[in-house]
Amino acid sequence: MSPLLVPSKVTCSANAEQDLRRALCWIGFLIVDLRCHRGLKQMKLVTRPTIIVEPPGPKAKEIMRRDEKLTSPSLTRTAPLVGVRAEGVWVEDIDGNVYLDFGSGIAVVNVGHCHKKVVEAIKRQAETCDHINSCDYFTVPQVQYAEKLLAMLPGDFPKRVFFGNSGAEAVECAIKIAKWHSRKSYLIAFIGAFHGRTMGALSLTSTSTSARKFYFPMMPGVMHVPYAYCYRCLYKQNYPDCGMWCLGYIEDVVFKKLISPDEVAGLIVEPIQGAGGYIVPPKEFLPGLRRICDTNDMIMIADEVQTGFGRTGRMTCFEHWNVIPDIIVMSKAIAGGLPMGACVSKADLMDWGPTSHENTLGANPIVVAAALAVLDVLLEERLMENAEKVGGYMLKRFEEMMDQYDLIGDVRGKGMMVGIEFVKDRETKEYATEERDDLILETFKRGLLILGAGPSSIRLAPPLITTMDQADIGVRIFEEALRTVSK
Ligand SMILES: Cc1ncc(COP(=O)(O)O)c(C=O)c1O
């Protein structure tokens, strides 16, 4: 038995409640231990992470060795996980270690891994009809899903949807709608934005130069402007005394010195910057962008690929600011892990005709069946409420940690989207990139999966089904790893 199995996360306590929790954790630990050794199939019995072989174990190492020669070296590979089974908030690796998944496969498994209803819907549809090409024919699931999805999105106006296979493809669709409808060429995007890796989406992406290096020329006509990243304001301003200078920059500099607004088709924005570092803008930012779009006849595109489907406690994150975009792009959590993207627009913006935009695999019936089940689960299990409650609790716990650990420069988030930015020094705000990366590996070794974002931030995106107890386990492991890294 690995020393990591010794329940170091179960701390001694003086009061009865904590003793009870401790006892329960021990019982959970024993069940998991039995499960791992006897190969039980039921991950539902899991109550805490269990590391039986220090990861990566021998089987994982073997897969990684084979993978190294075969797959593209462009993949980040945050930690040496070889996942073979997953259920709810748990992921099991090939050596039998069980991890608490606070990354949700990059904000994908909002309803939890392998949700029974989603799995059943997939099986049912796979046995009935595997593929009908939606560009040439019609399917029942596509119509049913379009009706349900459009009814759940904000905006009291007719809408239309185009289905694709990924976030980047949904963004490509939005770019084309904006250009086609407006007959204008320019687009505005934000510094630190992530919209995908295909050439159109990449031209809007600006998380790092390494994502863009050697791909010039991309789609021309993209103007990047500063996002409201108040912790690191590019103009060295302080919110709220700044008077939202980042909004003023668009109107006073871009529109007066660089491009006439009547040449701008639209603007694309993440309501919370995801890969950029889980950056939550102040309350004036998104309403201010809406006003700029309205004043200048520009289309407002919301990239809800990471923030959507209940992750922040609302169906779309824009709802927190009562802002209604003209186009919404979605993917990731939409079909519980099956590849799908959707671009929803005001109906009158999709005024293009046949062959202007289509694909082969969009709205594949099996994928759409999964998406229908995901929507049902979100509502039936009141997961948005849970995201708000448990996410809010976690945010508070991390804010409290700031008193003890100088490495934490900023804590921010909404619902189950929590960002923690690491700095070497709170005054200079020098990025603590190595420390952030070390922390990810330290939590991994202890059975917690988390991801990085931006130069030195951690992004926590647990499944929306996460309970308070599971949140506590994750926070405790995080703190234990942070203590190690801080030394
Ligand atoms: C906000 C946002 N937009 C678009 C994308 C691209 O999605 P995909 O990786 O499915 O192409 C991502 C992916 O991380 C994202 O976070």
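Residues numbered from 1 in each chain as written. Predicted model: local features only at pLDDT ≥ 70, side-chain atom pairs only at ≥ 80, totals over all residues. Heavy atoms only, no water.

Asks: Sorry if this is basic, but what is going on with unusual backbone geometry here?
Replies: One can expect most non-glycine residues to show negative phi and most peptide bonds to be in trans. Residue Pro56 is bonded to the preceding Pro55 through a cis peptide linkage, with omega at 0°. Relative to the helices and strands, Pro56 resides in the loop between helix H1 (16-38) and helix H2 (58-70). In this structure, the amide linkage connecting Phe216 to the following residue, Pro217, adopts the cis form with an omega of 0°. A positive phi angle is found at Ser104, which is not glycine, with a value near 50°. Following the sequence through the fold, Ser104 ends up in helix H3 (residues 104-107). Residue Ser104 is classed as buried on the basis of its relative accessible area, which comes to 0%. Even without being glycine, Phe309 reaches a positive phi, approximately 55°. (Helix = DSSP H or I, 4+ residues; strand = E, 2+ residues; numbered from the N terminus. Buried < 20%, exposed > 50% of the residue type's maximum accessible area, 1.4 Å probe, protein only.)

Asks: Just checking my understanding: could you explain the sheet that holds strand E15 (residues 457-460) for this structure?
Replies: Here we have four strands laid out as an open sheet, ordered E11-E12-E15-E14, and antiparallel in their pairing. Looking at the sheet topology across the chains shown, the edges are occupied by strand E11 (408-414) and strand E14 (451-453). Across the sheet, the mean angle from the axis of one strand to that of its neighbour is 30°, orientation sign disregarded. Strand direction decides the pairing type here: E11 and strand E12 (residues 417-422), joined by six bridges, are antiparallel. In the sheet register, Arg412 faces E12, and the bridge partner there is Gly419. Against the sheet, helix H12 (residues 383-401) engages E11, E12 and E15, with an angle of about 170° to E11. (Pairing = 2+ DSSP bridges. Axes fitted to C-alpha atoms, helices over the stretch in contact; angles between N-to-C directions. Contact = heavy atoms within 4.5 Å.)

Asks: What's the story with the nonpolar core in this structure? I'm lost.
Replies: Here is a general trend for soluble globular proteins: nonpolar side chains tend to be buried in one another's company. One finds Tyr145, Leu149, Phe309, Phe398, Ile420, Phe422 and Phe478 to be the most contacted residues of the largest nonpolar core, which totals 70 residues. In terms of residue count, the dominant contributor to this core is helix H11 (residues 365-380) (10 residues). There are two domains that each give this core at least three residues, and those are domain 1 (41-115 + 383-486) and domain 2 (119-380). (Core = buried A, V, L, I, M, F, W, Y, C linked by side-chain atoms within 4.5 Å. Domains from an automatic or database assignment.)

Asks: Any chance you could explain the pairing of E12 here in plain terms?
Replies: For a regular strand, side chains alternate in direction, first toward one face of the sheet and then toward the other. Counting buried positions over the six residues of E12 gives six, a clear majority of the element. In E12, alternate side chains face the same way, and those of Met417, Gly419 and Glu421 on one face and Val418, Ile420 and Phe422 on the other are all buried. Note that E12 and E15 share four bridges and pair antiparallel. Looking across to E15, one finds that Ile420 is bridged to Ile458.

Asks: Got a minute to help me understand the sheet that holds strand E13 (residues 448-449) in this structure?
Replies: In sheet architecture, strand pairing relies on hydrogen bonds along the backbone and comes in two forms, parallel and antiparallel. Strand order across the open sheet formed by four strands is E1-E2-E3-E13, with mixed pairing between neighbours. What marks the edges here is a single partner per strand, and that holds for strand E1 (83-87) and E13. Here strand E2 (residues 90-93) pairs with strand E3 (residues 98-101) via three bridges, running antiparallel. Its bridge partner being in E3, Glu92 is matched across the sheet by Val98.

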